[in-house]
Amino acid sequence: MTKCIFCKIITGEIPSANVYRDEQVTAFRDINPAAPTHILILPNKHIDSVNVLIDDDEQLIGHLFTTAKNIAAQEGIAEGGYRLIMNTGAGAGQTIFHIHLHLLGGAPMKHPMG
Ligand code: 5GP
Ligand code: ZN
């Protein structure tokens, strides 16, 4: 099976600006940032999208969120506010089919989309 672009970033075959790594998740800066802070947090295990999540993935998905919280604090955007987005499916704007959480912050945002 061919590796997706994010699997190649996780294994280091494609370089990225790494922010955090542990045995379950990897975080790096988005190559085309939509906010002053724009970091992607993803499982090291390939999962296409939310549509194929299984019960066994629940701890892993929770870990994406606690990692996002820790990175927001580290980046100094926790108090100012930040947005966590997980696009699911092409119609929602998902372009890379390896599940990932966008952490966006560092500037005021409009609601609902900014
Ligand atoms: P999606 O549209 O699937 O929710 O988000 C994919 C994100 O990945 C986009 O914000 C895009 O800028 C980012 N991206 C695409 N290719 C690369 C890459 O090679 N390196 C990094 N760091 N980000 C990428
Ligand atoms: Zn992948």
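The present account deals with the structure reproduced in this document. (Residues numbered from 1 in each chain as written. Chains lettered and ligands numbered in written order. Predicted model: local features only at pLDDT ≥ 70, side-chain atom pairs only at ≥ 80, totals over all residues. Heavy atoms only, no water.)

So, the coordination of the zinc ion (ligand 2)
Next up, step 1: Protein ligation of the zinc ion (ligand 2) involves Cys-4 (SG), Cys-7 (SG), His-46 (ND1) and His-98 (ND1), the donor distances falling in the range 2.1 to 2.3 Å.
Next up, step 2: Viewed at the metal, the four donor atoms of the zinc ion (ligand 2) are separated by angles of 102 to 121°, and the geometry they form is tetrahedral.
Next up, step 3: Sequence positions of the residues that donate to the zinc ion (ligand 2) give the spacing C-x2-C-x38-H-x51-H. Separated by 42 residues along the polypeptide, Cys-4 in the segment before α1 (5-10) and His-46 in the loop between β3 (37-43) and α2 (58-75) bring together distant segments of the chain.
Next up, step 4: The class for Cys-4 is buried, based on a relative accessible area of 18%.
Next up, step 5: For His-46, a relative accessible area of 27% corresponds to the partly exposed category. (Donors = N, O, S within 2.8 Å, 3.2 Å for Na, K, Ca; no water. Tetrahedral: all angles 85-135°; square planar, octahedral: opposite > 155°, others 65-115°. Helix = DSSP H or I, 4+ residues; strand = E, 2+ residues; numbered from the N terminus. Buried < 20%, exposed > 50% of the residue type's maximum accessible area, 1.4 Å probe, protein only.)

Focus: the site of ligand 1
Next up, step 1: For ligand 1, the set of nearby residues contains 16 residues, the closest of which are Asp-30, Asn-87, Gly-93, Thr-95 and His-102.
Next up, step 2: Within the contact set of ligand 1, an oxygen atom lies 2.8 Å away from a side-chain nitrogen or oxygen of His-102.
Next up, step 3: Contact with the protein chains hides 84% of the accessible area of ligand 1, taken as 520 Å² for the molecule alone.
Next up, step 4: Only α1 and β2 (25-29) provide two or more residues apiece to the shell around ligand 1.
Next up, step 5: Of the residues assigned to the shell around ligand 1, the class counts are seven nonpolar, seven polar and two charged. (Near = heavy atom within 4 Å. Polar contact = N/O pair within 3.5 Å; in protein donor to acceptor, adjacent residues only side chain to side chain. Areas by Shrake-Rupley, 256 points an atom, 1.4 Å probe, with all protein chains shown as cover. Nonpolar A, V, L, I, M, F, W, Y, C, P; charged D, E, K, R; others polar.)

A short note on the packing of aromatic side chains
Next up, step 1: All chains considered together, the criterion is met by one aromatic pair.
Next up, step 2: On the numbers, 5.4 Å between centres and 80° between planes, the contact of Phe-6 with Phe-28 is edge-to-face. One end of the pair, Phe-6, is in helix α1; the other, Phe-28, is in strand β2, with 22 residues separating them in the sequence. The same class applies to Phe-6 and to Phe-28, which are both buried. (Phe/Tyr/Trp six-rings, centres within 6.5 Å; stacked < 30°, edge-to-face > 60°.)

Examining the sheet that holds strand β1 (residues 18-21)
Next up, step 1: The strand order across the open sheet formed by five strands is β1-β2-β3-β5-β4, and the pairing between neighbours is antiparallel. Every interior strand has two partners, whereas the edge strands, β1 and β4 (82-85), have only one. When the angles between neighbouring strand axes are averaged without regard to direction, this sheet yields 15°.
Next up, step 2: On the sheet, α2 packs against β1, β2, β3, β4 and β5 (101-105) and is oriented at approximately 155° with respect to β3. (Pairing = 2+ DSSP bridges. Axes fitted to C-alpha atoms, helices over the stretch in contact; angles between N-to-C directions. Contact = heavy atoms within 4.5 Å.)

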